[in-house]
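# Secondary and tertiary structure notes
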Amino acid sequence: MVGILVCQIVLSIILAAIFLVRPSLTTGRAWKIVAFIGLCVLPALCIVGGMNTHMQRSEQAKFCTSCHAMENYGKSLYLNDPKYIPAQHFQNHRVPPDMACYACHTDYTIYGPLKDKLKGLTRIYMQYVSTPPNPITIPGGFKNAQCLHCHAGARDFEENPVHSAMMSTLTSNQLSCISSGCHDSAHDASQVDHLKMWSPGQ
Amino acid sequence: MKLSQIGIQRLLRIASVLVILGLGLEIISLLWFHPLSFVLFAFVAASLIGLGILVYLASLVFAVSPLGENRG
């Protein structure tokens, strides 16, 4: 997919270079059409293709952990203790491992990816212009909807007597899955260097 | 060569430079795996390409105008 986009960009650059060197070519009818394609249609498609590629790329876990502040959060996925919810999900492929961050932290709504991108931009602004919060917090807290996106309807979740007894408070987000003493071991990023790690294939 | 044609050709050259610069930066942003690569793409590359397209469309407006005047 990226290969096609790069070919499109290169073709567009070649056409633009032709009109940079010989703009007088556009006096001919056929070259007018080529100029329209090379200076309007293809560059517009390149913007759309580039945006799509960047959006898809930012769903990858290695993209999230490429930011220095996120390194320890990435490491915490390898904690060798099943009580840590992100590590347990990542290591047992309960979420796609290459999209582990996105799977649990995206906003599952129509404009969710766009909202996530805007949130990501504010974090970049904090990192490079203002001061990033320490520890890093999720604005508005972690919503149960992100857990329920997969767990709602799952047999072992629905048939669990603890879950079924409080289902309405869980769906209405009155009781948080991760901060009510039930599943409260998340990333523990500050302690990650002192905890036992799992290495794949050990 | 008419004065308007020189103006159109200058606009085409400017459009070409902007599009080439924007696309070059887009390639760099695609090769650079870092959160800032999106910022480079969205705020610099896409803006340059968009501006290039606008300048090209402006050159089309200039190209049409003198012809209209001749017909009149």
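These lines cover the structure that appears in this document, whether it is placed above or below. (Residues numbered from 1 in each chain as written. Chains lettered and ligands numbered in written order. Predicted model: local features only at pLDDT ≥ 70, side-chain atom pairs only at ≥ 80, totals over all residues. Heavy atoms only, no water.)

### Some details on the side chain of S29(B)
- Among the structural elements, S29(B) can be located in helix α1 (residues 3-31).
- Of note is the side chain of S29(B), whose polar atom sits 3.0 Å from the side chain of H54(A).
- Within the local environment of S29(B), its side chain forms a polar contact with the backbone oxygen of E26(B), the two atoms lying 2.8 Å apart.
- Look past the residues within four positions of S29(B) in its chain and what remains in contact with it is H54(A), R57(A), S37(B), L40(B) and F41(B). (Helix = DSSP H or I, 4+ residues; strand = E, 2+ residues; numbered from the N terminus. Polar contact = N/O pair within 3.5 Å; in protein donor to acceptor, adjacent residues only side chain to side chain. Contact = heavy atoms within 4.5 Å.)

### Observations concerning the nonpolar core
- By size, the foremost hydrophobic cluster in this structure holds 22 residues, and its most contacted members are I9(A), L39(A), L23(B) and Y56(B).
- Counting residues per element, the ones that place at least two in this core are α1 (2-21) and α2 (29-57) of chain A together with α1 and α2 (35-71) of chain B.
- The element that contributes the greatest number of residues to this core is α1(B), accounting for eight residues.
- Once you skip the residues sitting within four places of it in the chain, L23(B) turns out to touch I9(A), S12(A), I13(A), C46(A) and I49(B).
- Core analysis: the next-biggest nonpolar cluster, separate from the first, contains six residues, C147(A), L148(A), F157(A) and L170(A) among them. (Core = buried A, V, L, I, M, F, W, Y, C linked by side-chain atoms within 4.5 Å. Buried < 20%, exposed > 50% of the residue type's maximum accessible area, 1.4 Å probe, protein only.)

The values are spatial; any link to function lies outside them.
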